[in-house]
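Residue-level structure breakdown
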Amino acid sequence: MRPGRVAGAALLALLALGPFLPMGGMRQYILHVLIQILIWSFIGGAWSVMGRFGLVSLGHGAFLGLGAYTVTLLWNFYSLTPWIGGVAAAALTVVVALVVAYPCSRFQVVGHYFALVTLAVGEVVRLLIIAERNWTGGSLGLSLKPATGDSLLAMQFADKRVFYYASLVLWLAGLWIWYRVDRSMARAAMEAIGEDETAAASVGIHVTRFKMGITMLSAGLTAVGGVAYAQYISYVNPDTLAGIGVSLRIVFAVVLGGMYSLLGPTVGTALTIALGEYLRVVFGLRFIGMAETIYGLLLILFIIFLPSGIYGSLRDVVARFVRPARLASGVR
Amino acid sequence: MIDPIFLLEAAVNGVLLGGVLALLALGLNLIFGVVDIVWIAYVDLVMVCMYLVYFLVMVYGWPLWLAGALSVALGALLGLGVHLLIITPILGKAPVNQLLATGGLLFFLQSFATFLWTTDHKTVRLALPILEVGGMFLSFTRLIAFAISLVAMLGLWVFLRRTYIGTAIRAVSQDREAMALMGADPQRVYFVTSAVGGAMAGLAGALLIIQYSVHPFFGAAFGPLTFMICVLGGLGNMVGAFVASFVMSEIISIGGVVISTEMGYVIAFVVFIVMMFARPGGILARRG
Amino acid sequence: MLELRRVTAGYGHFTALWDITLRVEAGEAVAVVGPNGSGKTTLMRVISGLVAARTGELVFESDSLAGRRAHEIVSHGIAHVPEGRRIFPLLTVADNLKMGAFQPSARKGFAESLVRVYDLFPVLRERQKQRAGSLSGGEQQMLAIGRALMSRPKLILLDEPSMGLAPVMVLRLFDLIRRVREEGYTILVVEQNVRQVLKLVDRAYLLEVGRIRMEGRAAELSEQDFVRKAYVGL
Ligand SMILES: Nc1ncnc2c1ncn2[C@@H]1O[C@H](COP(=O)(O)OP(=O)(O)O)[C@@H](O)[C@H]1O
Ligand SMILES: [Mg+2]
């Protein structure tokens, strides 16, 4: 086995055993942070399925919010199990994505324009959630109706370890899908489209079909992430689950980690969440806003100084040191 | 059925709102047209200027016009600062990174404002009368803000048409490299543009604080709308942005009266999305 | 007046110009000819500072131009009429000319330069209020040259002025360039239209894959078998 695989297997084993490692009184908190990292990494991966091909969406909050609210509303009002509700949520989101993506692709809305159209979609969903306050609770948000005790049917568990394993599986599934896309025909086609849409079409690539497929996949996965998050936190709120703020956060994490590599979104998400948590612990309730201020400042610095993401920049640095050495040895 | 007088009042209020929106959109669009970067945090700069006017007027008792003038100066300074510290290092980088760098500024300004000034809404109250015109109630404050925005936009128009540097700004937005061949340092043109765009944010801040209360998330409320107006008008197209401001403000204002405030915005955004498909180059663009 | 010694330049890892040595004397008209992609445009861009030379020397009237940016080079008296004209399509003709006189030293003599340009290209005077984008190809080229003259240059770089013009227009344009020359400007011109341009200039350089392959007096070059076969089409 190659060293990379060994390291991967070791990391996986560590993650699998995670909840049983001795962590003292911090256990609940550490598990909570890890679950968040896994779920948001999954969402970041879903975003990067599109983002890496130049479809930079600033509206993934919309898909997240649709997923989270659909499942929550179906459960609260119709007691529909999240297992079915989640599927319904993902299906609804895919349909919405389709409605937006088709004309975008058809009328060649790309680049800045695509980003701003998706941003508008995110705002529409956020505002609709607020406007329909009779069901959704408006900007105050909505709590998931508690089931009686632990319930697999309701996807509600008192023990965080259950959520931990569930999100670990979700995260792995996300990685697997990312990997499959990376190895597929779609990747070659999408890269060609990202480079030059007209040229791609002229060699027989069905531009619209590929773009829509990728968008639907990304949106559906994001909705599933929203469902998972809603079930875990059991509270939904338009500002944390829709709109420009959360959309930007997802993109930040992914770009920070590097959107062209399998683990990039995870690395970026883990870092931003860990950073946010750290700052929150440091400042506590004393200086409200200070943690976020530093977070914003660091994000600007990261983007300026590590433009290709942490993963990508590390790779560049390694390449710079390794390549001349190889050339030199080649000459000898 | 809604009394037609309410609709008329909403339409007039829409025009008044459109004036201030146009000021915002023109400032952002000017920068976009020249520097080719969308400042996601543009309206957050406005928010900072609103706080400045609030504190100068309500806490230190300055006259409003003087506070407004200082707000314009602060806006210009912020514009320059953003360009120098954030934009310059990322010029020519991937568009995602450009969006995110100014997006980071958005987080920074929002949370720093929360830290400094809490999330309380702060208002500058002007003791100006409400006018009654043919059964409609119109705020005198809004009329003044509208008039000042119009004058400012006229000033911008003259600046861009009549001065050397103004014409150079328009030329750079059409062909950056050709303008360098004319002897214009692109960096210098960017500075002037960012300062002018920032000054317009400062002025908009002074005009907005007398109509709306300010809070750290003010930028989140008006920001997306402002980008959409710019895109709807055609990125970099000043006349288009001007027209689009009034289209959007009418939809919001009338939609707000007929259905609800949020639905007014929802309809405006949906119109934006649909227009993007129908006329991707902006409402004034020629087809094809 | 202008001298390049062993200049190398390119884009990223790619080298487009190798070891170029070239000179233009005051009052001369010099042509650079060569097939597509041979580096003619790159050469012009190096002289006007849009592309930085990697090695070699660039000297203009005893000032070194090395390391100077495009906007600084204009003030030395070099005006570059770029390939594809690159006028400002949404500005009026008058505003385009105004931008030509952007740098302070040119602004002083603005009125005088404007009369001179309008006398040289009367059609620009007629259309001064029109948007430049609405002009015909030939008129746009005149505007591009006029705009360059507004900077009161000593040396004018013309990159394929006849590109995309109808044959009749090409002839008129060469006449106009001849008149510009008679006004005392020094000219360095890149052309595909080898036969025409060799009638216009004193000397010419032949560029191939980034290197100078031949140089000489225009009359001698047009007699050479090689040039006739490859470029003049005789
Ligand atoms: N911006 C650029 N980036 C990379 N390569 C370029 C660029 N511009 C030109 N080249 C390359 O440099 C070479 C010379 O181009 P150019 O100077 O435009 O030739 P010419 O004007 O003689 O047709 C060509 O091989 C071309 O592909
Ligand atoms: Mg060329």
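Each remark here, short or long, concerns the structure printed above.
The paragraphs below set out a description of the structure included in this document. The model shown is predicted, which means the values in this text are computed figures rather than measured ones.

Cut-offs used in this document
For every chain, the first residue of the written sequence is number 1, and numbering continues from 1 along that sequence. Chain letters start at A and ligand numbers start at 1, both assigned in the order the entries are written. Two thresholds apply to this predicted model, a pLDDT of at least 70 for residue-level local features and 80 or more for giving and counting side-chain atom pairs, whereas whole-chain, interface and lining totals are computed over all residues. Remark: hydrogens and water are excluded; side-chain values derive from all non-hydrogen atoms of the structure. Counted as donors are the N, O and S atoms within 2.8 Å of the metal, or 3.2 Å for Na, K and Ca, while water is not among the atoms, so some sites may look incomplete. Starting at the N terminus, helices and strands are each numbered in turn, a helix being any DSSP run of H or I of at least four residues and a strand any DSSP run of E of at least two. Contact definition: two residues touch when any of their heavy atoms are within 4.5 Å. Accessible-area loss on putting two parts together, using a 1.4 Å probe and summing over both, is the definition of buried area adopted here. For salt bridges, the criterion is a side-chain nitrogen of Lys or Arg within 4 Å of an Asp or Glu carboxyl oxygen. We define proximity as follows: a residue is near a molecule or strand when any one of its heavy atoms falls within 4 Å of that partner. By the criterion applied in these results, polar contacts are pairs of N or O atoms within 3.5 Å in which, for protein atoms, one can donate a hydrogen and the other can accept it, and in which residues neighboring in sequence qualify only through two side-chain atoms. Shrake-Rupley sampling with a 1.4 Å probe provides the accessible areas, and residues are treated as covered by the protein chains on show and by no other component. Note on residue categories: nonpolar means Ala, Val, Leu, Ile, Met, Phe, Trp, Tyr, Cys or Pro, charged means Asp, Glu, Lys or Arg, and polar means any other residue, Gly included. As used here, the term nonpolar core means buried Ala, Val, Leu, Ile, Met, Phe, Trp, Tyr and Cys residues forming a set that is joined through side-chain atoms within 4.5 Å. Only protein chains enter the accessibility calculation, which uses a 1.4 Å probe; a residue whose area is less than 20% of its type maximum is buried, one above 50% is exposed, and one in between is partly exposed. Paired strands, in this sense, are two strands between which DSSP finds at least two bridges.

Another aspect to go through is the coordination of the magnesium ion (ligand 2). Taken together, Thr41 of chain C (OG1) and Glu83 of chain C (OE) make up the protein donors of the magnesium ion (ligand 2), found 2.0 to 2.1 Å from the metal. Taken together, the positions of Thr41 of chain C in helix 1 (residues 40-48) and Glu83 of chain C in the loop between strand 6 (78-81) and helix 3 (93-100) put the pair 42 residues apart, joining distant regions of the chain.

Here the focus is the interface of chain B and chain C. Taken together, the contacts link 22 residues of chain B with 23 residues of chain C. Interface area for chain B against chain C, summed over the two sides, is near 2100 Å², with a carbon-plus-sulfur share of 63%. Counting the surface chain B buries against chain C, the share from its top three residues, Tyr164, Leu181 and Met182 of chain B, is 38%. Linking chain B with chain C are 4 salt bridges, by the criterion used here.

All right, on to the arrangement of the chains then. Contacts are most numerous between chains A and B, considering all 2 pairs of chains that are in contact. Chain C makes no contact with chain A, the minimum C-alpha separation between the two being 15 Å.

Further remarks concern the site of ligand 1. Residue and element names in this part refer to chain C. Taken together, Tyr11, Phe14, Ala16, Pro35, Asn36, Gly37, Ser38, Gly39, Lys40, Thr41 and Thr42 make up all the residues around ligand 1. Contact between ligand 1 and Thr41: an oxygen atom at 2.6 Å from a side-chain N or O atom of the residue. In isolation ligand 1 offers 550 Å² of accessible surface; the protein chains occlude 60% of this area. If you list the elements that add at least two residues to the shell around ligand 1, you get strand 2 (14-24) and helix 1. With 3 residues, the single largest contributor to the shell around ligand 1 is helix 1. Its residues assigned to classes, the shell around ligand 1 comprises 4 nonpolar, 6 polar and 1 charged.

Relative to the elements of secondary structure, Val169 of chain A occurs in helix 7 (residues 160-182). Each C-alpha atom, one on Val169 of chain A and one on Leu306 of chain A, is 31 Å from the other, the two residues being 137 residues apart in sequence.

Moving on: the nonpolar core. Core analysis: the biggest nonpolar cluster contains 248 residues, and Met179 and Phe272 of chain B together with Phe121 of chain C have the highest contact counts within it. The element that contributes the greatest number of residues to this core is helix 1 (residues 4-35) of chain B, accounting for 15 residues. The residues contacting Phe121 of chain C, other than those within four sequence positions of it, are Met142, Ile145, Gly146, Leu149, Leu176 and Val180 of chain C. In terms of nonpolar packing, the next biggest core, distinct from the first, is built from 27 residues, Leu17, Val32, Met44 and Ile78 of chain C among them.

Here we come to the sheet that holds strand 1 (residues 2-11) of chain C. Taken together, the 4 strands give an open sheet; going across it, the order is 2-1-4-5 (chain C), and neighbouring strands pair in antiparallel fashion. The sheet terminates laterally at strand 2 and strand 5 (63-64) of chain C, the two strands that pair on one side only.

Contact with chain B, which involves 40 residues of that partner, is made by 43 residues of chain A. When the buried area of chain B at its contact with chain A is split by residue, Leu100, Phe107 and Phe277 of chain B rank highest and sum to 20% of it. The interface formed by chain B and chain A includes 1 salt bridge. A salt bridge links Glu262 of chain B to Arg133 of chain A, with the nearest nitrogen and oxygen atoms 2.9 Å apart. The interface formed by chain B and chain A includes 3 residue pairs in polar contact (both at pLDDT 80 or more). Those elements that place two or more of their residues in the side of chain B that touches chain A are helix 3 (64-90), helix 4 (95-117), helix 9 (218-233) and helix 11 (261-278) of chain B. No other element matches helix 4 of chain B, which puts 15 residues into the side of chain B that touches chain A.

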